[in-house]
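This is what each chain is made of:
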Amino acid sequence: MRLIETIGRWFDDRLQIAAVVRENAMHPVPRETASWAYVFGSAALTVFILQLVTGVMLAFVYVPSASEAWNSLQILNHGVTLGWFIRALHGWGSNFMVAIVLIHMVQVFLFGAYKYPRELTWIVGVFLLLVTLGMALN
């Protein structure tokens, strides 16, 4: 435990974010505002992490060339343990990512959460939505 505290202090001396993280983590959330309508942002983050992990795993096997792509897919589907599952998880995850991010953006718009002081967060979110849609078309 002492090692973790030492490492944590080392990072905090350089980044100085512990106070901000502590303030946000300890911020009370009223019961009437905490509902299932607020899960889409966290769900989008979860699916993004899933896409990142499965994409890295697929990158170890897949060869993106015209002569080797089919062979690498055959190896992935039949030769790698649960390779077919990782590939399907990544493919379906792309669809879920687009759906969840769109739902989240509509919810933020309808709830008016894009207004002051969150304009910059909204602009970054719109940019991330466009990036997500661009990646999904690939």
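In the block above lies the structure referred to throughout.
Everything numeric in this text was worked out from a predicted model, so none of it was measured. (Residues numbered from 1 in each chain as written. Predicted model: local features only at pLDDT ≥ 70, side-chain atom pairs only at ≥ 80, totals over all residues. Heavy atoms only, no water.)

What the protein contains, in helices and strands, is 6 helices and 0 strands. Each helix (α) and strand (β) of the protein, taken in turn from the N terminus, gives the series α-α-α-α-α-α. For the protein, whose C-alpha radius of gyration is 20 Å, the value lies well above the compact-globule estimate of 14 Å for 138 residues. Referenced to the eigenvectors of the C-alpha coordinate spread, the extents of the protein come out at roughly 55 × 45 × 25 Å. Here the protein holds 138 residues, and the buried ones make up 17% of them. Look at the contacts in the protein between residues 6 or more apart in sequence, and 62% of them connect residues 24 or more apart. (Helix = DSSP H or I, 4+ residues; strand = E, 2+ residues; numbered from the N terminus. Rg over C-alpha atoms; globule rule 2.2 N^0.38 Å. Buried < 20%, exposed > 50% of the residue type's maximum accessible area, 1.4 Å probe, protein only. Contact = heavy atoms within 4.5 Å.)

Once that is clear, we can look at the packing of helix α5 (residues 83–111) against helix α6 (residues 119–137). Put simply, α5 and α6 touch, their axes get as near as 10 Å, and they point 155 degrees apart. Between α5 and α6, the angle falls in the class roughly antiparallel. Crossing of α5 against α6: the hand is left-handed. Touching Ser94, Met97, Val98, Val101, Leu102, Met105, Val108 and Phe109 of α5 are Trp122, Gly125, Val126, Leu129, Thr132, Leu133 and Ala136, all from α6. (Axes fitted to C-alpha atoms, helices over the stretch in contact; angles between N-to-C directions. Parallel < 35°, antiparallel > 145°, perpendicular 65-115°, else oblique. Left-handed = near helix turned anticlockwise from the far one by under 90°.)

Our next topic: the environment of Tyr114. By the secondary structure assignment, Tyr114 is in the loop between α5 and α6. A relative accessible area of 26% places Tyr114 in the partly exposed class. Look past the residues within four positions of Tyr114 in its chain and what remains in contact with it is Val108, Phe109, Glu119 and Trp122.

Let's shift gears to the side chain of Thr54. Structurally, the position occupied by Thr54 is in helix α3 (residues 40–59). Reaching out from Thr54, the side chain makes a polar contact with the backbone oxygen of Gln51 at a distance of 3.4 Å. Excluding its chain neighbours within four sequence positions, the residues that come into contact with Thr54 are Ile86, Leu89 and His90. (Polar contact = N/O pair within 3.5 Å; in protein donor to acceptor, adjacent residues only side chain to side chain.)

Turning to the packing of aromatic side chains, a few remarks are in order. What the rule picks out here adds up to 6 aromatic pairs. Ring centres of Trp84 and Phe85 lie 5.8 Å apart, and the angle between their planes is 75 degrees; this geometry places the pair in the edge-to-face category. Take Phe85: its relative accessible area is 38%, and that puts it in the partly exposed class. When the centroid spacing of 6.4 Å and the interplanar angle of 35 degrees are considered together, the rings of Phe109 and Trp122 count as tilted. On the criterion of sequence distance, the pair formed by Phe109 in helix α5 and Trp122 in helix α6 is long-range, its members being 13 residues apart. For Phe109, a relative accessible area of 48% puts it in the partly exposed group. Ring pairs connect the aromatic residues Phe109, Tyr114 and Trp122, which therefore count as one cluster. (Phe/Tyr/Trp six-rings, centres within 6.5 Å; stacked < 30°, edge-to-face > 60°.)

Attention shifts here to helix α4 (residues 69–79). Looking at α4, one finds that the buried residues are Ala69, Ser72, Leu73, Leu76 and Asn77. The arc enclosing the buried residues of α4, seen along the axis, measures out at 130 degrees, which places them on a common side. α4 presents Trp70, His78 and Gly79 as exposed residues on the side facing more than 90 degrees away from its buried surface. Packing partners of the buried residues in α4 comprise α3 and α5. (Arc of directions from axis to C-beta.)

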